[in-house]
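# A structural walkthrough
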Amino acid sequence: MTELKFTLPPPMSTMVAHTGLLLCSLLLIVSATEKNEFTITCQTSTDCVLPCRFQSDGKGARIMWYKKKAVVSCTRYGNTSFVVGHNSPADKYRGRTGLFADQVLEGNATLLLKNVTPHDEGRYYCITMTAPRTDESGIIALVIEGPVREVDVELSGKVVICAAEGIYPAPTLTWSTDPPTDVQLLKSKTNTHKNKLGIYDIHSSLKLTTNIRGHTYICSVANDVNNKTVFLKHEDSVVAPGYGRVTIFCSLPYTALQSYNLTWIFGRSEAIALMRVVDENSQVEIQDQWRHYVAGNVSFLDGLQLQSLTPEHKGNYTCVVSTPDKTYITWTNVTIIEEPIQYMYIFIIIGLIMALGLSYVGFGCKIRKLKRAREESTEAIMENLRTAQDNDIWATNVADAADATGAADTADAENAREEGDE
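Here the residue numbers are simple positions, counted from 1 along each chain's written sequence. Restriction of local features to residues with pLDDT of at least 70 applies here, the model being predicted, together with a cutoff of 80 or more for giving and counting side-chain atom pairs; totals for whole chains, interfaces and linings are based on all residues. Only heavy atoms go into the side-chain values, all of them from the structure, while hydrogens and water stay out.

## Regarding the sheet that holds strand β11 (residues 152-156)
Pairing between strands is defined by DSSP: at least two bridges between them are needed. Secondary structure follows DSSP: runs of H or I at least 4 residues long count as helices, runs of E at least 2 residues long count as strands, and numbering of each begins at the N terminus. Sheet architecture is open: four strands sit in the order β11-β12-β15-β14, paired in antiparallel fashion. Only two strands of the sheet have a single partner each, and these edge strands are β11 and β14 (187-194). Neighbour-to-neighbour, the strand axes of the sheet open up by a mean angle of 15 degrees, direction not taken into account. Two elements, β14 and strand β15 (residues 200-207), share eight bridges in a ladder whose sense is antiparallel. Bridged to K194 within β15 is Y200. Where helices are involved, their axes are fitted lines through C-alpha atoms of the stretch in contact, as for all axes, and angles between N-to-C directions lie from 0 to 180°.

Written out as structure tokens, the structure reads:
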């Protein structure tokens, strides 16, 4: 790998500094003809490489990059001293330029321009000097682009807000709905701001009317480089039982998506689950703090299935499905039926008390029945005993009567015998 070194101005005397600037001026005077032009395109806030090659003698070289008449960088290289001098006289380039130092004596004078902005657009020249010749590169037309990278859309009360940042050239923003709405009903206010670097931010707010509630709101931001569109749908609120299960769905068009990224978010920024789908092959990642609550598969078809939710989980759940040029956002409010666990304990205790009460009542009834049965049994036994006692007395009386009768008969017989003997 080629090592990239920034050649910064070493300490030098005022004379050496003036000599370096004089050299750059002389090289600028030498450049008088224009050669072929080719274009280099770079994105804002990135590092841009401007190529330049020359015939090197392997001993030393003087290199200058300039844009119009402004010196971008000025460097002198030698085979004994690595960098004799390097600077960027213009303030806007100071500290932002560098060369591939280990390749200069091999004929590579390519310039690295750091953190480019729209102000860096223009035509650049590379001039190289190796005794006794001087070469000038072709014209490099540097074009800066700031594509629309992200479009943020959110619902705030009765207003839908759409915003994008870091765009160049200037963007445009349009609103629409699904199903379509009369343009006269789309009351929006859009502001475009250009910062000191020449980069644009855009912000727009759409006030909702009763005629377009329940629609999907569509915000599209575009410039000469690209465009991005965001679809926002506010679904009906979902009511979930405490410690129960609920399913939340995404709102997407009927067209099948082959590759996309899906993210479920709780609140404003807390990620729940992320899914990446490439040619229908999916990879799902669930955040640790949500593993206990996510049940089943995560997809835009099956939705997000949550379980064991507590009152702290009530709030907004957002499904974000992203493709290179479109983003689909579904916003759903989830309400948890608050059944704190202490209430459950109270209900359980009350239930136990009622059960015990019913059991006591039933047990009391059984005791009374047993007591009544015992009393009835005792009374029957006593009655039987009384009957038996009466029977015994009667039997005794009968026996006594029989004995008395028998005794009387015996006495009568004895008397009769005695009378006969006489």
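## Digging into the sheet that holds strand β6 (residues 97-99)
Spatially, three strands are ordered β2-β7-β6 in an open sheet, and the strand pairing comes out antiparallel. If you trace the sheet from one side to the other, it starts and ends with β2 (48-50) and β6, each paired once. Direction aside, neighbouring strands of the sheet carry axes that sit 25 degrees apart on average.

## A short note on the side chain of S251
When you line up the elements, S251 lands in the loop between β19 (245-248) and β20 (260-266). Relative accessible area serves as the criterion here: at 19%, S251 is assigned to the buried category. Residues adjacent in sequence count toward polar contacts only when both atoms are side-chain atoms; beyond that, a polar contact is any pair of N or O atoms within 3.5 Å, and within protein one must be able to donate a hydrogen and the other to accept it. Reaching out from S251, the side chain makes a polar contact with the side chain of E235 at a distance of 2.2 Å. Only protein chains enter the accessibility calculation, which uses a 1.4 Å probe. A residue is then buried if its area is under 20% of the maximum for its type, exposed if over 50%, and partly exposed in between.

## Examining the environment of G242
Within the secondary structure, G242 is located in the loop between β18 (238-241) and β19. On a C-alpha basis, the gap between G242 and P311 in space is 7.0 Å, while along the polypeptide they are 69 residues apart.

## Here's the deal with the state of the cysteines
A pair of sulfur atoms, both from cysteines and within 2.5 Å, is called a disulfide here. Evaluation of the coordinates by the stated rule reveals four disulfides. Linked covalently through their sulfurs, C162 and C219 form a disulfide whose S-S length is 1.9 Å. Disulfide C162-C219: the torsion about the S-S bond is -80 degrees, which places it as left-handed. Taken as a pair, C162 in strand β12 (residues 159-167) and C219 in strand β16 (residues 216-222) lie far apart in primary sequence, 57 residues in all. C162 sits in the buried class, given a relative accessible area of 0%.

## With respect to the confidence of the model for the protein
Looking at any residue, its pLDDT shows the predictor's confidence there, from 0 to 100. On average, residues of the protein carry a pLDDT of 78, and 69% of them reach 70 or more. In the model, residues 80-85 has pLDDT below 50 throughout and makes 13 contacts with residues more than four positions away in sequence or in other chains. Only heavy atoms enter the contact rule, under which two residues are in contact if any of them lie within 4.5 Å.

## A short note on the nonpolar core
We define the nonpolar core as a collection of buried residues of types Ala, Val, Leu, Ile, Met, Phe, Trp, Tyr and Cys that are connected through side-chain atoms lying within 4.5 Å of one another. Ranked by size, the top nonpolar core spans 30 residues in total, and within it L262, W264, I272, W290, V294, L306 and Y317 carry the most contacts. Among the secondary structure elements, those contributing two or more residues to this core are β18, β19, β20, β21 (270-278), β23 (294-299), β24 (303-307), β25 (315-322) and β26 (326-337). Once you skip the residues sitting within four places of it in the chain, W290 turns out to touch F266, E270, A271, I272, H313 and Y317. Residues A61, W65, Y77 and Y124 belong to the second largest nonpolar core, which totals 24 residues.

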